[in-house]
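Architecture and fold: a report
In case you want the letters, here they are:
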Amino acid sequence: MSSETLVQQATTNPESNPFDANSFDAAVMSTYGRFPLALERGAGCQVWDTEGREYLDFVAGIATCTLGHAHPAMVEMVTRQIQKLHHVSNLYYIPEQGELAKWLVAHSCADRVFFCNSGAEANEGAIKLARKYAHTVLDIDNPIILTAQSSFHGRTLATITATGQPKYQKNFDPLVPGFYYVPYNDIAAVEAAISELDEGNYRVAAILVEPLQGEGGVRPGDVEYFQKLRQICDDTGILLIFDEVQVGMGRSGKLWGYEHLGVEPDVFTSAKGLGGGIPIGALMSKKFCDVFQPGEHASTFGGNPFACAVALTVCQTLEREGILANVVERGAQLRTGLQAIAAKYPDYIAEVRGWGLINGMELQADIQLTALDVVKAAMDEGLLLVPAGPKVVRFVPPLIVSEKDVENALQMVNKAMAAVTN
Ligand SMILES: *Cc1c(COP(=O)(O)O)cnc(C)c1O
């Protein structure tokens, strides 16, 4: 079957079952605050709900569907690989895993890669790597990992602890020991924390930080701050770890967020955009690749043939179709448009900021209006958006988004702002 036919099938065959939210809620744990919307199919940057209503998708599975929905290259590879071999254990060599690792090594500062299934799992791996490195190389008994306030690193116990936001930790104590929080983009706070901890019985072993804070409100890192972090780590042997789960894989207009900051990490993680929506995560390192010995870290599903073949297709499509150039252009178009909207509503919108196709529109702090209000109003207009914290509306469309899509999205944001300020 040709890939065109498969896309056709994926996008034109509505299910006839009407969606019933009550029976859904009766069977699924209520871990998410859900919008009253059930999505059924998608094509490119468009998705359709179970009633057949069309939406422009500027959420992309939260910065995940790099190539949008039902991309022919993904449909073809998913189909081909599932027929060939989808899962085998890491007890054996997996050629697709090797090919994806080679692509990542060739397109980043990494020397080697470990594959897992999600951002949190990749960060867990980074935390374990840092601790083992601290014990075995730096000879630290009580290693501390510095992380930033308003960061986000995942939902496992170690990664909610790493996350510098109390709302994700509440009622899940006891948390994992060995983390300490500093304000983001504040180098004096890092220096103070390192010497303060040193006077106690602790030592900083690693600094884990996002090049741009995503969930924490779309806050780009300062070049000067990151260069000083690099300097401190070079001088002391502290590992510099970047969480590239949201900003990496081309979303920022460069393949990796760190390329905006003029520094390279020792260790970094990727997930969201890497598989274009197929679950996969990666832990990558430059130099510190031999910390784990055979048997010390593993993942049953990590790096299986299916996930790796599809992720490699995403990577190769990004490269072949010159998608990063589109990210830069569409990002500039989006920010210019949002800035014009902000200029129209100065009492409501404080700032528009971001890199490439990860952008935030921050609302004024001293008004009632929340990001959720704007997201709901945009949904009424047919545009899907997602908050990044209570006051920031986030724009993370598929990286293949067109000029016309951005134009349409801006029109809908305009209408949504008119509705919420009325
Ligand atoms: C989403 C996210 C994570 C967690 O990824 P999961 O795949 O949900 O575990 C970690 N770090 C950052 C920066 C993220 O945006």
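Residues numbered from 1 in each chain as written. Predicted model: local features only at pLDDT ≥ 70, side-chain atom pairs only at ≥ 80, totals over all residues. Heavy atoms only, no water.

1. Comments concerning the pairing of strand β6 (residues 179-182)
Pairing of strand β5 (residues 143-148) with β6 involves four bridges; the strand directions are parallel. Pairing of A148 across the sheet is with V182, part of β6. Handedness of the crossover joining β5 and β6 through helix α7 (residues 157-162) is recorded here as right-handed. (Pairing = 2+ DSSP bridges. Helix = DSSP H or I, 4+ residues; strand = E, 2+ residues; numbered from the N terminus. Right-handed = clockwise from strand over helix to strand, strands pointing away.)

2. Here's the deal with the site of the ligand
Taken together, S118, G119, A120, N123, F152, H153, G154, E210, D243, V245, Q246 and K272 make up all the residues around the ligand. Residue A120 places a main-chain N or O atom 2.7 Å away from an oxygen atom belonging to the ligand. Between the ligand and the protein, one listed contact pairs a nitrogen atom with a side-chain N or O atom of D243 at 2.7 Å. For the ligand, whose accessible area on its own is 390 Å², the fraction buried by protein is 82%. (Near = heavy atom within 4 Å. Polar contact = N/O pair within 3.5 Å; in protein donor to acceptor, adjacent residues only side chain to side chain. Areas by Shrake-Rupley, 256 points an atom, 1.4 Å probe, with all protein chains shown as cover.)

3. Notes on the pattern of salt bridges
Under the counting rule described, the total for this entry stands at 15 salt bridges. Close ionic contact of E99 with K102 constitutes a salt bridge, the shortest N to O distance being 3.0 Å. One end of the pair, E99, and the other, K102, are both in helix α5 (residues 95-106), three residues apart, so they sit about a helical turn from each other. The salt bridge partner of E362 is R353, with a shortest N-O separation of 2.7 Å. The burial state of E362 is the same as that of R353; both residues are buried. Within this structure, R230, D234 and D266 form a network of salt bridges that share partners. (Salt bridge = Lys/Arg side-chain N within 4 Å of Asp/Glu carboxyl O. Buried < 20%, exposed > 50% of the residue type's maximum accessible area, 1.4 Å probe, protein only.)

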